[in-house]
Amino acid sequence: MNRPSAIRAEAAARLPELRQRHAAQFAAPLGRRLATGLAIGGPVLLLFFGLWWIDASPARLWHGLGQLGTFAALMVPPDFGTPERLQIYLHALAETVAIAFLGTLTAAILAFPLGFIAARTVVGQRVVHFLSRRFLDTIRGVDTLIWALIWINVVGLGPFAGVLAIMSSDIGSFGKLFSEAIEATERKAGEGVVAAGGGGLHRIRFGLLPQVLPVMLSQVLYYFESNTRSATIIGIVGAGGIGLHLAEQIRTLEWQTVSFLILIILAAVALIDVLSTALRSRIVGNRVAPA
Amino acid sequence: MLELQGVGRRFGNHWAVNAASIKVPDGQFVGVIGRSGAGKSTLLRMINRLVDPSAGRILHDGREVSALRGAELRRWRQTCAMVFQQFNLVGRLDVLTNVLMGRLNHVPLHRGLLRLWSDEDKAIALSALEQFDIAAIAAQRADSLSGGQQQRVAIARALVQEPRILLADEPVASLDPRNTRVVMDAIQRINRHYGITVLVNLHSLDLARGYCDRLVGIAAGRVVFDDAPAALTPSVARELYGLEAAEVLDGEAGLEPDGLVPATA
């Protein structure tokens, strides 16, 4: 069609004058291209250097894959042994889920006020902001597994140490996530509350909380699922749950039991995932925008 | 020629648009009027295929565009540009890049994704921006602009698509009176200068009368009026708008003798 190309022809005719008037827009952004290339090329180079440094070789990987196949073959069919053992395993699995649930919930409750204190938009004090951020960084810097080893020495072996371990590391994560969610909120709603004569707490309660609560809840739900997996690991060091049995069966080369344990852990995690997804969409609200 | 043959769209049990049939010759400036929720937006969105019709056919120059898929559909969307009430720009990108979005269907995939625009594309975009007096802000981020500026950027984006048809869905509903005029003039310029067919949803009857060659009135999803603006009598307006009539007619003298109380809110 010839009509639309009128736009193109017009622009082509004006190209010299446009180039003159908007030189900056036509200038080849060499500097930016270079920066982009470096931003992509740098990490790629680093990746290859790292692979060379840790002596990663395809041959070794290929050889190891054969071993993996041998283990896999030994794992079928999954077997739990006697019914008594099954009962013990299921009990341990329930314990693992309980550790994750209690640890996540306590962490969320404790991190809730911390999140507000660490949010720049709520507490204007720079010192308070800086100190609370660094505090959260510090406890987050220590991994759940390390916390488990510490708490085992404080309260002894068992699930209580596991709960404390998950709680400790997640206070840091939740504090950071919550404060960032709070900082990302729209400020207009709070302005409306203040303009109507509301105080600082009113602003937080009505201008902020309705916006961040769904985000926080969905983060907590995700962490519950993720912590169920973590709780397996900390069980290995003696902080309760199914991890202990898993480590034991690996040590004694009972591969069929190992595969059974892995399967029930997978089932539990999948179940939690399904439930939390359903809950999350209820809370966050999956409303479809009207056409 | 754009032709709608018995086009309808159902949401659940509700027909948002029902058996709409209109023919729009090339180069016409058509206003689609009706109260909020009458189905104006759905009608326009079906033409661009953002919403698929549940019934009927949409033809352009004899080609059934309501059956297109994939690359053909994307080509059709490039042919019938869309302008939205809320502008739908990418706020974090600069104005020029936003306008160049309109060129995406004209350039190879990798060039578009890597933002490797040719000088010709840049010239087309800048030329469009200059036509609407906003070339000076080409480097600014779109979310830093006023509503009137954003809508002009959106119209520039639509123009560089080199469209045959421009669909504008309530383009001035979020703007103040001065910007309303600026934006409507920009749309009129596209129509007059390039002969691009325009279909524009408007809430205000005054605007519709002032700019359009032809008005299509929609009430409860059905086309109830299709004629020149002069034929739109107060009684037709009342049928179209119901109680809102006084508001959209801005208390015109013709209404009060019929006993209609002008809205005071």
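Note that the coordinates shown come from a computational prediction; the quantities given were computed from them, not determined experimentally.

Q: Tell me about the interface of chain A and chain B, and please be specific about residues and values.
A: Of the residues lining the interface, 19 residues belong to chain A; the matching set on chain B comes to 30 residues. For the chain A and chain B pair, buried surface summed over both sides reaches about 2200 Å², with 56% attributable to carbon and sulfur atoms. Residue Arg19(A) is joined to Asp119(B) by a salt bridge in which the shortest nitrogen-to-oxygen separation is 2.9 Å. For the pair chain A and chain B, the interface holds 10 residue pairs in polar contact (both at pLDDT 80 or more). Every element with two or more residues in the side of chain A that touches chain B is listed here: helix H1 (5-13), helix H2 (15-21) and helix H3 (23-26) of chain A.

Q: Tell me about the sheet that holds strand E1 (residues 2-11) of chain B, and please be specific about residues and values.
A: All names here are of chain B. The four strands are arranged E2-E1-E4-E5 in an open sheet whose pairing can be described as antiparallel. The open sheet terminates on both sides in strands that have one partner only, identified here as strand E2 (14-24) and strand E5 (63-64). Note that E1 and strand E4 (residues 55-60) share five bridges and pair antiparallel. Residue pairing for E4: Leu-2 is matched across the bridge by His-60.

Q: So what about the nonpolar core? Which residues, and what values?
A: By size, the foremost hydrophobic cluster in this structure holds 63 residues, and its most contacted members are Leu129(B), Leu166(B) and Ile187(B). Ranked by residues supplied to this core, first place goes to helix H6 (residues 147-160) of chain B with seven residues. Once you skip the residues sitting within four places of it in the chain, Leu129(B) turns out to touch Val95(B), Leu96(B), Val99(B), Ile134(B), Ala135(B), Ala138(B) and Ala156(B). Ranked by size, the runner-up nonpolar core spans 34 residues in total, among them Ile99(A), Ala108(A), Ile166(A) and Ile234(A).

Q: Residue-level account of the pattern of salt bridges, with values.
A: Residues and elements named next belong to chain A. Inspection of the entire model under this criterion finds 23 salt bridges over all chains. Among the ionic pairs, Arg-133 bridges to Glu-183, the shortest N-O distance being 3.4 Å. Here Glu-183 lies in helix H9 (residues 159-183) and Arg-133 lies in helix H7 (residues 126-141), a separation of 50 residues in the sequence. Residue classification places Arg-133 among the buried positions, given a relative accessible area of 15%.

Q: So, helix H8 (residues 144-155) of chain A: which residues are in play, and what are the values?
A: Residues and elements named next belong to chain A. Taking 1.5 Å per residue as the helical rise, H8 with its 12 residues ought to reach 16 Å, and the 16 Å between its terminal C-alpha atoms agrees with that figure. For H8, the full list of buried residues reads Thr-144, Trp-147, Ala-148 and Ile-152. Buried residues along H8 cover an arc of 140° about the axis, so they all sit on one side. With respect to the buried face of H8, the exposed residues turned more than 90 degrees away are Asn-153 and Val-154. Here the buried face of H8 lies against H7, H9 and helix H11 (200-236). Regarding H8, its N-cap is Asp-143, as a side-chain oxygen of that residue lies 3.0 Å from the backbone nitrogen of Leu-145 further along. Just downstream of H8, Gly-156 is the residue with a positive phi angle, here 85°.

Scoring rules and cut-offs
Residues numbered from 1 in each chain as written. Chains lettered and ligands numbered in written order. Predicted model: local features only at pLDDT ≥ 70, side-chain atom pairs only at ≥ 80, totals over all residues. Heavy atoms only, no water. Contact = heavy atoms within 4.5 Å. Buried area = accessible area lost by both parts, 1.4 Å probe. Salt bridge = Lys/Arg side-chain N within 4 Å of Asp/Glu carboxyl O. Polar contact = N/O pair within 3.5 Å; in protein donor to acceptor, adjacent residues only side chain to side chain. Helix = DSSP H or I, 4+ residues; strand = E, 2+ residues; numbered from the N terminus. Pairing = 2+ DSSP bridges. Core = buried A, V, L, I, M, F, W, Y, C linked by side-chain atoms within 4.5 Å. Buried < 20%, exposed > 50% of the residue type's maximum accessible area, 1.4 Å probe, protein only. Expected span 1.5 Å × (residues − 1). Arc of directions from axis to C-beta.

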